[in-house]
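Structural description and commentary
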Amino acid sequence: MQGVKPLDALIRVQLGDELHVDVRAERDRESIFTAKAHVRANPRQLQDTNRLAQTPLSLEANLGPLSLSELQAATQPTDVDPAQTPPKIRGTLLGRLALSGTLHDPQLVLRTRVDGLGAASTPDGHVAVHFEYRNSKETLDLLLKSQNKGELHAAATARVDLSYPAVIRTVR
């Protein structure tokens, strides 16, 4: 890919009575992405859908710091008309995802933020997002801040059951 500096990646899978997966990506010995997953079941148990839905699991993932200008360069098509090229953005992305519980009772927390967000000659801003799912309740918190002390804060709550039994009931 054009504009992407090389990364080193390590993926380790350990399978026995339980499943453990570790993933790490780094550049110049600096971590860009890490993830650890743990499923408390062996492969035979995972073939039984009902047992799988009751199996404790966890996933923790961290992203960043990641430069938005590098990410933009890496995802920019090479055949873009220069007149249509979007402005260059800047900022640093950080994120964390934590998933735990079972498919019957999943719990999820996502936190992400961008510091120094801006484009061209615009002043830097800040974006923070916090999403949580627990007990069939979703909460979202969004905060946008400008360098000029402007601020937008939005929060929302919803009740949607995303558990395995509810999803299967909806699909059938």
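Provided above is the structure to which this section pertains.
All of the points below concern the structure found in this document. (Residues numbered from 1 in each chain as written. Predicted model: local features only at pLDDT ≥ 70, side-chain atom pairs only at ≥ 80, totals over all residues. Heavy atoms only, no water.)

1. So, the nonpolar core
The condition that has to hold: Residues enter a nonpolar core if they are buried and are Ala, Val, Leu, Ile, Met, Phe, Trp, Tyr or Cys, with the set joined through side-chain atoms within 4.5 Å. When accessible area is computed with a 1.4 Å probe and restricted to protein chains, residues below 20% of their type maximum are described as buried, those above 50% as exposed, and intermediate ones as partly exposed. Working rule for contacts: check all heavy atoms of both residues, and any pair within 4.5 Å makes them a contact.
Judged by nonpolar contacts, I32, L66, L68, L93, V114 and V127 together constitute the single largest core of 6 residues. Among all residues touching I32, those that are not within four sequence positions of it are L7, A25, E26, R27, N62, L63, G64, P65 and L66.

2. Regarding unusual backbone geometry
Test applied: Working definition: helices are DSSP H or I runs of at least four residues, strands are E runs of at least two. Numbering for both runs from the N terminus.
Between G64 and P65 the backbone carries a cis peptide bond, its omega angle lying at 5 degrees. Assignment of secondary structure puts P65 in strand β4 (residues 57–67). Its identity as a non-glycine residue notwithstanding, D28 has a phi of 50 degrees, on the positive side. Here D28 lies in the loop between β2 (19–27) and β3 (30–39). Classification of D28 as exposed rests on a relative accessible area of 71%.

3. Considering the side chain of T102
For the record, the criterion: Here a polar contact is recorded for every N or O atom pair within 3.5 Å, except that within protein the pair must consist of a potential hydrogen donor and a potential acceptor, and residues adjacent in sequence are included only if both atoms are side-chain atoms.
Mapped onto the elements, T102 comes out in the loop between β5 (89–101) and β6 (106–119). A distance of 3.2 Å separates a polar side-chain atom of T102 from the backbone nitrogen of H104. A polar contact is formed between the side chain of T102 and the backbone nitrogen of D105, at a distance of 3.0 Å. Ignoring any residue separated from it by four or fewer positions in sequence, one finds T102 in contact with A53, Q54, T55 and P56.

4. Here we look at a nonpolar patch on the surface
Rules: What goes into a patch is any residue over 30% in relative accessible area without a salt bridge, connected to like charges within 9 Å or, for nonpolar side chains (Val, Leu, Ile, Met, Phe, Trp, Tyr), within 5 Å. To measure how exposed things are, a 1.4 Å probe is used in the Shrake-Rupley method; for residues, cover is taken only from the protein chains shown. Any carboxyl oxygen of Asp or Glu within 4 Å of a side-chain nitrogen of Lys or Arg constitutes a salt bridge here.
Side chains of I11, V13 and L15 sit close together on the surface and give an oily, nonpolar patch of about 320 Å² of accessible area. Counting through the fold element by element, V13 comes out in strand β1 (residues 8–15).

5. Re the pairing of strand β7 (residues 125–134)
Using the following cut-off: Between any two strands, pairing holds if DSSP finds at least two bridges.
As paired elements, β6 and β7 share 9 bridges and run antiparallel to each other. Paired with T112 across the bridge in β7 is V129. Counting the residues that bridge the hairpin from β6 to β7 gives 5 residues, and of these A120 lies at a positive phi of roughly 50 degrees. By the bridge criterion, 10 bridges tie β7 to strand β8 (residues 137–146) in an arrangement that is antiparallel. By the bridge assignment, H130 is partnered in β8 with D141.

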